[in-house]
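Descriptive structure summary
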Amino acid sequence: MTETGVQTRSFQTEARKLLKLMINSLYSNREIFLRELISNASDAIDRLRFESLTDASLMAEDAELRIVVEFDKDAGTVSVVDNGIGMGREEVAEQLGTIAKSGTEEFFERLTGDQKKDSALIGQFGVGFYSAFIVAKEVEVLTRRAGDEEGARWTSAGEAEFTIEPAADLPRGTRVTLTLKPDATEFADGFRLRSVVRRYSDHVGVPVMMAKEAYDAKDDNADKDAKDEKKEPELETVNAAKALWTRPRTDIGEDEYKEFYKHLSHDFEDPAVWSHNKVEGKLEYTSLLYVPKRAPFDLWNRELPRGLKLYVQRIFIMDEADHFLPLYLRFVRGVVDSSDLPLNVSRELLQEDDRVRTIKSGLAKRVLDVLGKMNAEDYGPVWDEFGQVLKEGVGEDFANKDALLGLLRFNSTRDADDATQGRVSLRDYIARLEQPKTVVEAGGAGEDDSKGENESQTAGEADAQDPAPSGGKKIYYLIAESKAAARQSPHLEVFRERGIEVLLLTDRIDEWWMSFAGEYQGHEFQDVTRGELDLDGDAKTGRQQEDKQKQEDEPLLKRLAEVLAGPDGKVEGVRKSIRLTDSPACLVLGENDLGVQMRRIMEVSGQSAPETKPHLEVNLSHPLIQHLDKEPDEDRFRDLALVLFDQATLAEGAPVAEPGAYVQRVNKLLLDLL
Ligand code: ADP
């Protein structure tokens, strides 16, 4: 590599693809290039301010921090100039030639080739600097890093290559000059640029300046100097130049909040919701938190750096300060500005600071609160994007467990129509549980936002002589591999018969978070596939005890247990089922046994899951079982018992242990029939 002279280098393949895609997809919204460049310039100024906290000399040569937007109508150019931190030569090649974002590959895999869909994805990716090529046929970057002698010149026509060379006599900071494409020369115009700056960058904390327009000078005739055309043009600040979060909430319009979000996140879509708060008292801080409309493509990578922009006393300290929000809120973007933290705070210090912990818990509550207050229509899409991450919270944030549970949405045996698919909240569920009670106590004070109650549910509850107060009633749920498997599960039979709603869960982490859920508003969670069901409540316990005694005497159950239970057997025991109406048998896990999902999680993480056996429950009124009871031939009884067990396994959506043996047994039985 030569130390001097022009080098030509290639863009990283991904950068090239991204460039092309962006130019096509953002064409209709081209003016955003200015927002992106101003946003980078203001970040560069923020970083200079931060670095000069420890090295004041960096600021010395030019302490008046600002961004200047220039244009030349004749040459067809627009420049964005900042006196921020600047870039070193290698840094320019690195930063502007590659996309240094992990997950880039996955991003490209998700592109469909359909421009409409892909342009939405582009927003998630956040393209920043490259957006210059939407309007420019050529881009030149002149930059010198604060503290360096020499600077660099970078140029590219946005195709495969860029050039880079040393450049002398540059002021500190970065000048990005766009030579506009013939169809974009409209931007080399003062009026146009001003309006774009005001529209998109009003809230940027740094002044964005432009030369005073000629008509201003004429208006101001008394000022003779203004007539001297040769002089450096006089600059004026075009934007409000006051960081948005420092202004009172009541002064800020919706559009300003939205624009600030885009500036902050490089997202091209509006945010779904935001929360702006100033906390005063022992600890003072301001936060402006945004929930995006769309999950970032790398949401599932829990290791990635992400977090809020941290300011201390209005001074930018760091990006991706991940100490201020719990991991399950890693999709939230925003700013936190504290007056209490020291300016020299480091990541290590943040880690241990009690004030940071306090702010973190305050911010988590804010986010959960603003999500909780969204109306159902707006919240639905947010749930679709971030619901699975919120579920992590139930297991990780005990203090906010109830708020989190309140945000969860479910499929249930009730939501047959499309509008409510996957949108049942625990409040909906409980409101329906309470339904019979509100009927009894006419005018009872139950919150009643449930609609379209069907009678079969209340019918099931009503036959209890002394209806248990709803506080004691359980929230029933079933975990399965898919919605279809869930709906077909034999475990739902008795619930269907009695009209009791069951939540259907199919996410891979459902079993995990459920193990932390415990109860919600006095209602315990109960997995319908576990333990001995007690649908009638405590009043019936006595009768159940009696039943148990009778069961043990039941000769069929004993006979089945001889074949299937025992030390080498397939099941823990055999008992009569109250779960089934249509199926002959089903498998039931112990209350504390690991389910399929948890076993899988343990296997993936290299742990061995303890061996546990389910109970076989049989439906004594099923014709197959009744026939089985009368089977005199011991071998045949054995075959039938094994088939019964294997079928119960299949009905769980699990594979049978010995498929060959199962098929042979079934065939033998079929032959007997023919
Ligand atoms: P992002 O801003 O999302 O990181 P960009 O593509 O916009 O992505 O910019 C890439 C990097 O180039 C920035 O992170 C920054 O390091 C550097 N950069 C861009 N513009 C400037 C600038 N005006 N001054 C200093 N560095 C800059």
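Quick note: structure is the one above.
Bear in mind that the values here come from a model prediction, so they are computed numbers and not experimental data. (Residues numbered from 1 in each chain as written. Predicted model: local features only at pLDDT ≥ 70, side-chain atom pairs only at ≥ 80, totals over all residues. Heavy atoms only, no water.)

Some details on the site of the ligand
This is how the line gets drawn: We call a residue near a molecule or strand when any one of its heavy atoms sits within 4 Å of it. By the criterion applied in these results, polar contacts are pairs of N or O atoms within 3.5 Å in which, for protein atoms, one can donate a hydrogen and the other can accept it, and in which residues neighboring in sequence qualify only through two side-chain atoms. To measure how exposed things are, a 1.4 Å probe is used in the Shrake-Rupley method; for residues, cover is taken only from the protein chains shown. Secondary structure elements follow DSSP: runs of H or I no shorter than four residues count as helices, runs of E no shorter than two count as strands, and numbering proceeds from the N terminus. Just so you know the grouping, Ala, Val, Leu, Ile, Met, Phe, Trp, Tyr, Cys and Pro go in nonpolar, Asp, Glu, Lys and Arg go in charged, and all remaining residues, Gly too, go in polar.
In the vicinity of the ligand, 14 residues are found, and the nearest of them are Asn 40, Asp 82, Gly 128, Phe 129 and Thr 174. Asp 82 has a polar side-chain atom sitting 2.9 Å from a nitrogen atom of the ligand. Between the ligand and Phe 129 there is a distance of 2.7 Å, counted from an oxygen atom to a backbone nitrogen or oxygen. Across the complex, the protein chains shield 84% of the 530 Å² of accessible surface that the ligand would expose by itself. Elements supplying a minimum of two residues to the shell around the ligand: helix 2 (32-51) and helix 4 (89-97). Counting residues per element, the shell around the ligand draws most heavily on helix 2, at four residues. When its residues are assigned to classes, the shell around the ligand shows six nonpolar, five polar and three charged.

Focus: the pairing of strand 2 (residues 67-72)
Quick note on the threshold: Criterion used throughout: strands pair if DSSP finds at least two bridges between them.
In this sheet, strand 3 (residues 77-82) lies alongside strand 2 in antiparallel orientation, the contact comprising six bridges. Bridge assignment links Ile 67 to a residue of strand 3, and that residue is Asp 82.

Thoughts on the sheet that holds strand 19 (residues 523-527)
One open sheet accounts for five strands, arranged 15-17-16-19-18; its pairing is mixed. A strand with exactly one partner marks an edge of an open sheet, and here the two such strands are strand 15 (411-412) and strand 18 (519-520). Where strand 15 meets strand 17 (residues 503-505), two bridges bridge the pair, whose relative direction is antiparallel. When the bridges of strand 17 are listed, Asn 411 appears paired with Leu 504.

Considering the nonpolar core
Put simply, the test is: What we call a nonpolar core is a set of buried Ala, Val, Leu, Ile, Met, Phe, Trp, Tyr and Cys residues that are connected through their side-chain atoms within 4.5 Å. A 1.4 Å probe rolled over the protein chains alone gives each residue an accessible area, and that area as a share of the maximum for its type sets the label: buried under 20%, exposed over 50%, partly exposed in between. Note on contacts: a residue pair is in contact if any heavy atoms of the two residues lie within 4.5 Å.
Judged by nonpolar contacts, the single largest core of 72 residues is most densely connected at Leu 310, Phe 324, Leu 329, Leu 371 and Trp 513. Looking at this core element by element, the count peaks at eight residues for helix 12 (residues 354-372). Once you skip the residues sitting within four places of it in the chain, Leu 310 turns out to touch Ile 315, Phe 316, Ile 317, Met 318, Ala 321, Phe 324, Val 336, Leu 341, Val 345 and Leu 350. In terms of nonpolar packing, the next biggest core, distinct from the first, is built from 56 residues, Ile 32, Leu 37, Phe 133 and Phe 268 among them.

Some points on a nonpolar patch on the surface
As a reminder, the rule being used: The residues that make up patches have over 30% relative accessible area and no salt bridge, and they are joined within 9 Å when like-charged or within 5 Å when they are Val, Leu, Ile, Met, Phe, Trp or Tyr. Any Lys or Arg side-chain nitrogen found within 4 Å of a carboxyl oxygen on Asp or Glu counts as a salt bridge.
Together, Leu 670, Leu 671, Leu 673 and Leu 674 give the surface a local cluster of nonpolar side chains, amounting to about 520 Å² of exposed area. A residue is classified by how much of its surface remains accessible, and Leu 671, at 60% relative accessible area, is exposed.

Structural notes on the sheet that holds strand 13 (residues 315-321)
The strands making up a sheet associate through hydrogen bonds between their backbones, and the pairing can be parallel or antiparallel. Which entries qualify depends on this criterion: Helix axes are fitted to C-alpha atoms over the stretch in contact, other axes to C-alpha atoms as well, and angles between N-to-C directions run from 0 to 180 degrees.
Read from one edge to the other, the open sheet built from five strands follows the order 10-11-14-12-13, with strand pairing classed as mixed. A strand with exactly one partner marks an edge of an open sheet, and here the two such strands are strand 10 (273-279) and strand 13. Within the sheet, the average angular offset between the axes of one strand and its neighbour, ignoring direction, is 15°. Looking at chain direction, strand 12 (residues 308-312) and strand 13 are connected through four bridges and run antiparallel. Residue pairing across strands places Tyr 311 opposite Phe 316, the latter belonging to strand 13. Those strands touched by helix 2 are strand 12 and strand 13, and its axis lies near 110° from that of strand 13. Strands in contact with helix 12 are strand 10, strand 11 (285-291), strand 12 and strand 14 (333-338); relative to strand 11, the strand with the most contacts, it is inclined by about 40°.

Some points on the pattern of salt bridges
Under the criterion given, the structure shown has 47 salt bridges. We note a salt bridge from Asp 384 to Arg 423, for which the minimum N-O separation is 2.9 Å. Taken together, the positions of Asp 384 in helix 13 (residues 376-396) and Arg 423 in the loop between strand 15 and helix 15 (426-440) put the pair 39 residues apart, joining distant regions of the chain. For Lys 391, the salt bridge goes to Asp 510, with nearest N and O atoms at 2.8 Å. You can see Lys 391 sitting in helix 13 and its partner Asp 510 sitting in helix 19 (residues 510-517), a full 119 residues away along the chain. Residues joined in a network through salt bridges with shared partners are Arg 35, Glu 36, Glu 254, Lys 258, Glu 259, Lys 262 and Asp 270.

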